[in-house]
Amino acid sequence: MLFFNNFAADLVGINLMAQNKKIKTALVSVFHKDGLEAILKVLNDNGVKFLSTGGTQKFIKELGYECGAVEDLTGYPSILGGRVKTLHPKVFGGILGRRENAGDGEEMAKYEIPEIDLVIVDLYPFEDTVAQGAAEADIIEKIDIGGISLIRAAAKNYNDVAIVASKAQYAPLLKMLTENGEASTSLAQRRWLAKEAFGVSSAYDSHIFNYFDGEEEPSALRYALNGAKKLRYGENPHQKGYYFGNFDEMFTQLHGKEISYNNLLDIDAAVNLINDFDETTFVVMKHNNACGIASRPTVLEAWKAALACDPVSAFGGVLITNREIDGATAEEMNKIFIEVCMAPSYTDEALKILEQKKNRIILVMKPFKSQNLLCRSVLNGALVQERDTHVETPEELEPMTEKNITPEQAEDLIFANKVVKHSKSNSIVLAKNKQLCASGVGQTSRVDALKQAIEKAQNFKMDLNGAVMASDAFFPFGDCVQIAHEAGITAVIQPGGSVRDNESVDYCNNNGVAMVKTGIRHFKH
């Protein structure tokens, strides 16, 4: 939610202080009552009359305030098991009536429709009910009718009516009422509240649509995210950037500066990679690719091995591990510049060390489930695909050569294949003893990616004799396995499927190289 102080950015030539209107009657019907009491007190102190239903009416009366029943206004009780409560001309006429329109005024007087100047309402928890795995009958009953109609009506008539559509607007409304005095709102404030209300209603309808659309081929894309956060800038300083989502649901920031657009991209890439590893693993990410990763018995050993892969690229890197960081590990980590550090927990000693750099971002990872669908804007539209969640197992490694892989090679091949899956295509990964030796990423040819990896490994004195190679896609020719073998590679993993697979297989058979295929390609563009 954008804070009240930023209202002006949403307005188009509207004077914030113009057309203040005093609230005389408020319709309040909500499930979430935390934070409501202070608002009701200000309204009551300024002589505002209350209308309500059910539990909210009881809540208001228990505070000692008079509160009329909607049923008394309409002359109808709540009917059809609560499906119909507020759907009546005396309610919607009071909200939609245009105060400056003489014809509306005459009709409201004729039918004894009171003006309603403030609507505070929230919606049945449809999304939560679906998430809980409820039966369809229960889910359908959580499709709000009266609430959504009240929100749209009040938001449409923002010229005269203020609408609060969720508890997220309780604090801004209280601020308005307190600062304006006399329980009044300005036109600009009502317009902002209307904008927020339409955000609530559109997101709600999106969740309902996705529920009904979920078991079929999608007919439309409805993607609703709240919690807009303005970033310092986008990918570059001259670009504006925003993050939509609930970061705090996934992480707790313990220390450091504001997280940037590029930080978020690296954090996302790092989380996706580490989630494929069960054993103690440390990853160093740079520009969405792993420049260092290793699995070891202890987190300290994993850090040292990961850093050894490429200590140059690790400078300013984004670090992640799936184990608690202790003091000894933090001491070693603190020897280089780290942009972001993520772990499920830290010892007190480790935090004391890592917090010595005031801008270093320190995050605690919380358990969370990543969304299954990935969405990417392209050509004024969107591409949507399922997340690549497949992780190969030893049983899926199909031999292609006369020479079989050893159990140790199988472990390294699976390790390397996890890394190549999360590297930008075209990608080649070289690994040994569950440590990244080097990778070639984002190249226009597979040969270039391999040559880049070999050169990098040699630059950092990584021994490739007995190492393994993983490729994110098949080898179109036999040149890659030859180059890799000449560099010391003894086992290869690839998807297979090239019409010229035999060239690679023949070379491996003639030179004692073991090769397996998975049948699964892991492109990442």
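Note that the structure is predicted; figures quoted are calculated from it, not measured.

What counts and what doesn't
- Along each chain, numbering runs from 1 in the same order as the chain's sequence is written.
- Where totals are concerned, whole chains, interfaces and linings use all residues; where local detail is concerned, this predicted model gives features only for residues with pLDDT of at least 70, and gives and counts side-chain atom pairs only at 80 or more.
- By convention in this description, side-chain values take in all heavy atoms of the structure and omit both hydrogens and water.
- Here, nonpolar core means buried Ala, Val, Leu, Ile, Met, Phe, Trp, Tyr and Cys residues that are tied together by side-chain atoms lying within 4.5 Å of each other.
- The buried label goes to any residue with under 20% of its type's maximum accessible area, the exposed label to any with over 50%, and the partly exposed label to all in between, with areas taken from a 1.4 Å probe on protein chains only.
- The contact rule is simple, with two residues in contact once any of their heavy atoms fall within 4.5 Å.
- Throughout, the protein atoms alone are placed on a 1 Å grid, and a set of points is a cavity if a 1.4 Å probe fits but cannot get out or a pocket if it is open with protein on both sides within 12 Å along at least five of seven lines; lining residues have an atom within 4 Å of a point.
- Grid points are joined across faces, edges and corners, and a volume is the space filled by probe spheres set on the points.
- Helix numbers and strand numbers start at the N terminus; a helix is a DSSP run of H or I with at least 4 residues, a strand a run of E with at least 2.
- Each residue is assigned to one class: nonpolar for Ala, Val, Leu, Ile, Met, Phe, Trp, Tyr, Cys and Pro, charged for Asp, Glu, Lys and Arg, and polar for all the others, Gly among them.
- When two rings of Phe, Tyr or Trp (its six-membered ring) have centres within 6.5 Å they constitute a pair, described as stacked for plane angles under 30 degrees, edge-to-face for angles over 60, and tilted for the intermediate range.
- All axes here are fitted lines through C-alpha atoms, helices being fitted over the stretch that makes contact, and every angle between N-to-C directions spans 0 to 180 degrees.
- Relative orientations are named as follows: roughly parallel for angles under 35 degrees, roughly antiparallel for angles over 145 degrees, roughly perpendicular for angles from 65 to 115 degrees, and oblique for any other angle.
- Paired strands are those between which DSSP finds at least two bridges.
- Given a helix with a known number of residues, its expected span is that number minus one, times 1.5 Å.
- What the arc describes is the spread of directions from the helix axis to the C-beta atoms.
- The disulfide criterion is simple: two cysteine sulfur atoms within 2.5 Å.

Trainee: Any chance you could break down the nonpolar core for me, citing the residues and the numbers?
Mentor: Ranked by size, the top nonpolar core spans 53 residues in total, and within it Leu43, Phe50, Ile95, Leu118, Val119, Ile120 and Ile163 carry the most contacts. The contacts of Ile163, once residues within four sequence positions are left out, are Val119, Val121, Leu150, Ile151, Ala154, Ala155, Leu193, Ala194 and Ala197. Core analysis: the next-biggest nonpolar cluster, separate from the first, contains 43 residues, Met250, Ala410, Leu436 and Ala514 among them.

Trainee: Quick one: what's the story with the layout of surface pockets, residue by residue and with numbers?
Mentor: What the second largest pocket holds in volume is close to 630 Å³. If you go around the second largest pocket, you meet 29 residues; those closest to its centre are Gly82, Lys85, Tyr124, Asp144 and Gly147. For the lining of the second largest pocket, the secondary-structure elements that each account for two or more residues are α2 (54–62), α7 (136–141) and α8 (146–156). The residue inventory of the lining of the second largest pocket, partitioned by class, reads twelve nonpolar, ten polar and seven charged.

Trainee: Can you break down the packing of aromatic side chains residue by residue, with the values?
Mentor: In this structure the tally under the stated criterion is nine aromatic pairs. An angle of 80° between the planes, with centres 5.3 Å apart, marks the rings of Tyr211 and Phe212 as edge-to-face. Its relative accessible area of 22% is what places Tyr211 among the partly exposed residues. Since its relative accessible area comes to 47%, Phe212 is described here as partly exposed.

Trainee: So what's going on with the packing of helix α16 (residues 446–459) against helix α17 (residues 479–487)? Which residues, and what values?
Mentor: The description of two packed helices rests on the angle between their axes and on the distance between the axes. In the contact formed by α16 and α17, the axes pass within 10 Å of each other and the chain directions differ by 10°. By the angle between their directions, the pair α16 and α17 is classed as roughly parallel. In this structure, α16 uses Arg446, Val447, Leu450, Lys451 and Ile454 to contact α17, whose residues at the interface are Asp479, Cys480, Ile483, Ala484 and Ala487. Broken down by class, the residue content of the contact of α16 with α17 amounts to seven nonpolar, no polar and three charged.

Trainee: Tell me what's going on with the sheet that holds strand β12 (residues 289–295), and back it up with residues and numbers.
Mentor: Read from one edge of the open sheet, six strands run β10-β15-β14-β13-β11-β12, paired in mixed fashion. For this open sheet the edge positions go to β10 (251–255) and β12, each flanked by a neighbour on one side alone. With direction set aside, neighbouring strand axes in the sheet form an average angle of 20°. Helix α12 (residues 299–309) contacts β11 (281–286), β12 and β13 (317–321) of the sheet and is inclined by roughly 140° relative to β12.

Trainee: Could you give an account of unusual backbone geometry, with specific residues and numbers?
Mentor: Asn426 follows Ser425 through a cis peptide bond whose omega is -10°. Inspection of the secondary structure assignment puts Asn426 in the loop between α15 (407–421) and β19 (428–431). Notably, Lys461 is not glycine yet its phi reads approximately 55°, a positive angle.

Trainee: I'd like a description of α16, backed by residues and values.
Mentor: One full turn of an α-helix is made of 3.6 residues, so residues set three or four places apart face in the same direction. For α16, spanning 14 residues, the distance from its first C-alpha to its last is 20 Å, which sits close to the expected 20 Å at 1.5 Å a residue. What α16 keeps buried is the set Arg446, Val447, Ala449, Leu450, Ala453, Ile454 and Ala457. Viewed along the axis of α16, the buried residues span an arc of 160°, placing them on a single side of the element. Tucked into the core, α16 has its buried residues touching β19, β20 (436–440), β21 (468–471) and α17. Where α16 ends, the next residue or the one after it, Lys461, has phi of about 55°, a positive value.

Trainee: Would you mind going over the packing of α17 against helix α18 (residues 501–511) in detail, with residue names and values included?
Mentor: Their axes nearest at 9 Å, the elements α17 and α18 cross at an angle of 25°. Between α17 and α18, the angle falls in the class roughly parallel. Here Val481, Gln482, His485 and Glu486 of α17 lie close against α18, whose contacting residues are Ser504, Tyr507, Cys508 and Asn511.

Trainee: Help me get a handle on the state of the cysteines, residues and values and all.
Mentor: Under the counting rule described, the total for this entry stands at zero disulfides. Between Cys437, a cysteine without a disulfide, and Cys309, which holds the nearest cysteine sulfur, the sulfur-to-sulfur distance is 7.3 Å. Using a relative accessible area of 2% as the deciding quantity, one classes Cys437 as buried.

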